[in-house]
Amino acid sequence: MKPNDLPHPTDTGWTLARRAERMNPSVIREILKVTEKPGIISFAGGLPSPKTFPVTAFSEACAKVLREDGQAALQYAASEGYGPLREAVAAHLPWAVDPAQVLITTGSQQGLDLVAKVLIDTDSRVLVETPTYLGALQAFTPMEPRIEAVGSDAEGIDVADLVRRAGTGVDRARFLYVLPNFQNPTGRSMSEARRAALVASAAAHGVPIVEDNPYGDLWFDEQPPLPLSARNPEGCIYLGSFSKVLAPGLRLGYIVAPTAIFPKLLQAKQAADLHSPGFNQRMVAEVLKDGFLDRHVPTIRTLYKNQCAAMLACLTKEMAGLDVQWNSPDGGMFLWLRLPAGMNAVDLLPRAVDKGVAFVPGAAFFADAPDHRTMRLSFVTASVEQIHIGIAALAQAIREQQGS
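Cut-offs and rules
- Residues numbered from 1 in each chain as written.
- Predicted model: local features only at pLDDT ≥ 70, side-chain atom pairs only at ≥ 80, totals over all residues.
- Heavy atoms only, no water.
- Core = buried A, V, L, I, M, F, W, Y, C linked by side-chain atoms within 4.5 Å.
- Buried < 20%, exposed > 50% of the residue type's maximum accessible area, 1.4 Å probe, protein only.
- Helix = DSSP H or I, 4+ residues; strand = E, 2+ residues; numbered from the N terminus.
- Contact = heavy atoms within 4.5 Å.
- Expected span 1.5 Å × (residues − 1).
- Pairing = 2+ DSSP bridges.
- Axes fitted to C-alpha atoms, helices over the stretch in contact; angles between N-to-C directions.
- Left-handed = near helix turned anticlockwise from the far one by under 90°.
- Nonpolar A, V, L, I, M, F, W, Y, C, P; charged D, E, K, R; others polar.
- 1 Å grid on protein atoms, 1.4 Å probe; cavity = no way out; pocket = protein on both sides within 12 Å on 5 of 7 lines; lining within 4 Å.
- Points joined across faces, edges and corners; volume = space filled by probe spheres on them.

Engineer: Please provide a residue-by-residue account of the nonpolar core, values included.
Structural biologist: Ranked by internal contacts, the top residues of the largest apolar core, which has 103 residues, are F140, L246, L377 and L394. The element contributing the most residues to this core is helix α12 (residues 292–318), with 11 residues. Residues in contact with F140, not counting those within four places in the same chain, are L112, A116, I120, V126, V128, P145, I147, F175 and Y177. In this structure, L162, V178, M190 and L228 belong to the second largest nonpolar core, which totals 17 residues.

Right under this line is the structure:
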């Protein structure tokens, strides 16, 4: 019998799980398909600059790992992660962390998925910033929570609104998800005073914090204040990543979790993929020896600071006379722009693409009540020349959209 000889019933028998119905494609990934067209200058992707990838260091580490530890590197490995890498992570963090609390993940995106599986029940409440990271919304939504956006301003979470939404008893929020440093999508950072107030209020109302910090090392002039997790380690889960300081293709991140929750995250990890690639972990551990990050990351900061300054200067020049607002981030990869009243970034995008420039409309980053006038701009992958051309094209698209 050949496949075409099989019967073709109208009902094929496949029934999607309810959580599958709630899965949605990434808006950013869909937009990135558009940017593959020749000539498009993209401010859309959250991609690190490939100029920052330490190819030589990895080439040398690859050869050494294969030469000295090849069989173990290519074998199945412990679900917790490679011991020396867990130790390196713990030593790098600015508070006392036991390596036994470090779980190596396949990118910090997997960390979000594991947190969702372990902490979220159907109809339980999860609190997020306004706006928040789209990938977190994608990870949380299939677990069928009620995701609530907490009021936020230029410094992050509105602590008074957090208190109002914390809840009690069975309706208490399972956790607050927050990116304190150079947030994706807005690029904003949380002040010392706000961090202290947030941690104290969350602890007082029994709301754990899931702190996501993929951009914290990418500061321009001044290092951010201590992480939230350093202030209340037993009340926080901390997510980190090697994607922004080494290379995203490695797909390596990590979770630092309290001892009370670590075993369940480990079990979820085992069910998901057994372990993150042991070869990649050994390579990263080798590269990290002898203070490599202390020498490498400053070169990334310098590049991104110059790129950001170029974009801010271009915005000031090209948006003159338009009622366009934007912020000035102190690090990271993104800035946040707001269009004139009455405009919609989704409607503007096709016109901008026709002029050779792409961005991410901001509405996708809101858990509720989206602001359709907003957009996220990444300043790290385009050259300074492309930034000049792209921002000029974006300004022209805005002027034409206003006049249409």
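Moving on from the model shown.
Engineer: I'd love a proper account of helix α5 (residues 107–119), names of residues and values included.
Structural biologist: Taking 1.5 Å of rise per residue, the 13 residues of α5 would be expected to cover 18 Å, and the 19 Å separating its terminal C-alpha atoms lies within 8% of that figure. When we look at burial in α5, the residues that qualify are G107, S108, Q110, G111, L112, L114, V115, A116 and L119.

Engineer: Lay out the sheet that holds strand β12 (residues 334–338) with the relevant residues and their values.
Structural biologist: The antiparallel open sheet is built from 4 strands, whose spatial order is β11-β12-β15-β14. Because the sheet does not close on itself, it has two edges, and the strands there are β11 (325–326) and β14 (360–361). Taken together, the 5 bridges between β12 and strand β15 (residues 374–378) define a ladder with antiparallel strand orientation. Of the residues in β15, the one forming a bridge with W336 is R376.

Engineer: Give me the lowdown on the packing of α5 against helix α10 (residues 262–273), citing residues and values where you can.
Structural biologist: Where α5 contacts α10, the two axes come as close as 9 Å, and the packing angle between them is 115 degrees. Considering only the axes of α5 and α10, their crossing is right-handed. For the pair α5 and α10, contact is made by Q110, L114, V115, K117 and V118 and by K264, L265, A268, K269, A272 and D273, respectively. Classifying every residue of the contact of α5 with α10 gives 6 nonpolar, 1 polar and 4 charged.

Engineer: Help me get a handle on the layout of surface pockets, residues and values and all.
Structural biologist: Taken as a whole, the largest pocket encloses approximately 690 Å³ of empty space. Lining the largest pocket are 32 residues, with H92, L93, P94, D217 and L293 sitting closest to its centre. Of all the secondary-structure elements, those providing two or more residues to the lining of the largest pocket are α4 (83–92), β9 (236–241), α11 (278–288) and α12. With 6 residues, the single largest contributor to the lining of the largest pocket is α12. Considering only residue class, the lining of the largest pocket consists of 21 nonpolar, 7 polar and 4 charged.

Engineer: Can you explain the pairing of β15? Please cite residues and give values.
Structural biologist: When a strand is regular, its side chains alternate between the sheet's two faces. Of all 5 residues making up β15, 5 are buried, and the element is well covered by its neighbours. Here β15 shows no split at all, with T374, R376 and S378 on one side and M375 and L377 on the other all buried. Relative to β15, β14 is paired through 2 bridges, and the arrangement is antiparallel. Paired with V360 across the strands is R376, a residue of β15.

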